[in-house]
Structure formats: structure tokens, C-alpha cells
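Chain residues, written in single-letter form:
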Amino acid sequence: MVRRAIAGALSIAALIVAAGLATYVLFLTIRAPFGDLGATLAIAALYLAVAVILLVYTMRETTSPELEALSEMEAAALEEIAADAQGAVQMFSATGHRIENLGSSVTLGIGILSALRKLLASRKS
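**Student:** Help me understand the overall build of the chain in this model?
**Tutor:** Across its full length, the chain holds two helices and zero strands. The C-alpha radius of gyration of the chain comes to 39 Å, more than 25% above the 14 Å expected for a compact globule of 125 residues. Across its three principal directions, the C-alpha atoms of the chain cover 125 × 35 × 35 Å. Relative to its full complement of 125 residues, the chain shows a buried share of 5%. Looking at the chain as shown, the accessible area adds up to about 11100 Å², and 71% of this sits on carbon and sulfur atoms. Seen as two clouds, the 9 positive and the 10 negative side-chain charges of the chain have centres 25 Å apart.

Written out as C-alpha cells, the structure reads:
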């Protein structure tokens, strides 16, 4: 696998060198009829056209059953995550209400005990 990776990297480097030399050869060939500036502009226009074609090819959206299925699975997973998060929020909210009710009950119990203690204290007097 390492040998393949090295061979691939070397082939890409060789392709870049070949493209550079081909560009230089093209420049030398069209330099006489167009002049230096015209030849440079012609080569730049050629590279610009290739770049635009490759960009359009890259940006076009491919449709395949696999990509559609993947999109549907992603949407279902996001809905499930949202539902789980909503369930957790509801659980914490319910727990908060229970704690609030417990606090109210304890406060009410303390109030009742205090009132009974005052009642018993006033009867003894």
C-alpha cells in the first residue's frame, strides 16, 4: 500500500512537470504569431476555460439511489436526535416540577407544624 501511495505521488508530480513543460512548449509555439503578451493571455484563457469546466463538473449534483438513501437516513437521524433532546428536556422539566411540588409540600408542612405549636403553646398559657 505504501508503494502504491509513493507511486501515485510520483505520477502526480510527473503529471505536473509534464503540464508545465507542455505549457512552455505551447508558449514558444504561439509566441511568434501572437507576441509574448498575446501568447501569455491565450494560455491563461485556456487554463481559465479548463478551470471553469472542471468547476462546473465538480459543482453539479449527482443523483443516485445511494445518495438519496443517505440523505433520508441523515434526516431520520436528525429527527430522532431532536426527539431525544426534547424528551430529555421534558424529563428535566418534570423533575423540576416535582422538586418544586416537594418544596411546596415541605413548606406547607412546616407552616402547619408551626401553627400547631403556637396553638399548643397558647393553650398551655
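**Student:** Looking at this model, I keep getting lost on a nonpolar patch on the surface. Mind explaining?
**Tutor:** A grouping of Leu108, Ile112, Leu113, Leu116 and Leu119 is seen on the molecular surface, where their side chains present a nonpolar patch of about 520 Å² in accessible area. When its relative accessible area of 45% is taken as the criterion, Leu116 is described as partly exposed.

**Student:** I'm lost on the environment of Ala51 in this one. Help?
**Tutor:** Here Ala51 shows up in helix H1 (residues 2-59). Taking C-alpha positions, Ala51 is 75 Å from Thr107, a pair spaced 56 residues apart along the chain.

**Student:** Is there a simple way to think about the pattern of salt bridges in this case?
**Tutor:** Between side chains of opposite charge, a pair can form as their charged atoms come close. If you walk through the whole model with that rule in mind, you get one salt bridge. Of the charged contacts, one joins Asp36 and Arg31 as a salt bridge, the two residues approaching to 3.2 Å between their closest N and O atoms. Look at Arg31 and you get partly exposed, because its relative accessible area is 39%.

**Student:** Help me understand H1, please; the structure alone is not making it clear to me.
**Tutor:** Count 3.6 residues to each turn of an α-helix, and residues three or four apart come out pointing the same way. Its 58 residues place the ends of H1 only 32 Å apart at the C-alpha level, less than the 86 Å of an ideal helix rising 1.5 Å per residue. Most pronounced at Phe34, the bend in H1 amounts to some 120 degrees. If you check which residues of H1 are buried, you get Thr23, Phe27, Ile30, Ala39 and Ile43.

Rules used throughout
Residues numbered from 1 in each chain as written. Predicted model: local features only at pLDDT ≥ 70, side-chain atom pairs only at ≥ 80, totals over all residues. Heavy atoms only, no water. Helix = DSSP H or I, 4+ residues; strand = E, 2+ residues; numbered from the N terminus. Rg over C-alpha atoms; globule rule 2.2 N^0.38 Å. Buried < 20%, exposed > 50% of the residue type's maximum accessible area, 1.4 Å probe, protein only. Areas by Shrake-Rupley, 256 points an atom, 1.4 Å probe, with all protein chains shown as cover. Lys, Arg positive; Asp, Glu negative; His and termini not counted. Charge placed at Lys NZ, Arg CZ, Asp CG, Glu CD. Patch = residues over 30% accessible without salt bridge, like charges linked within 9 Å, V, L, I, M, F, W, Y side chains within 5 Å. Salt bridge = Lys/Arg side-chain N within 4 Å of Asp/Glu carboxyl O. Expected span 1.5 Å × (residues − 1). Bend = angle between axes of the 7 residues up to and from the residue.

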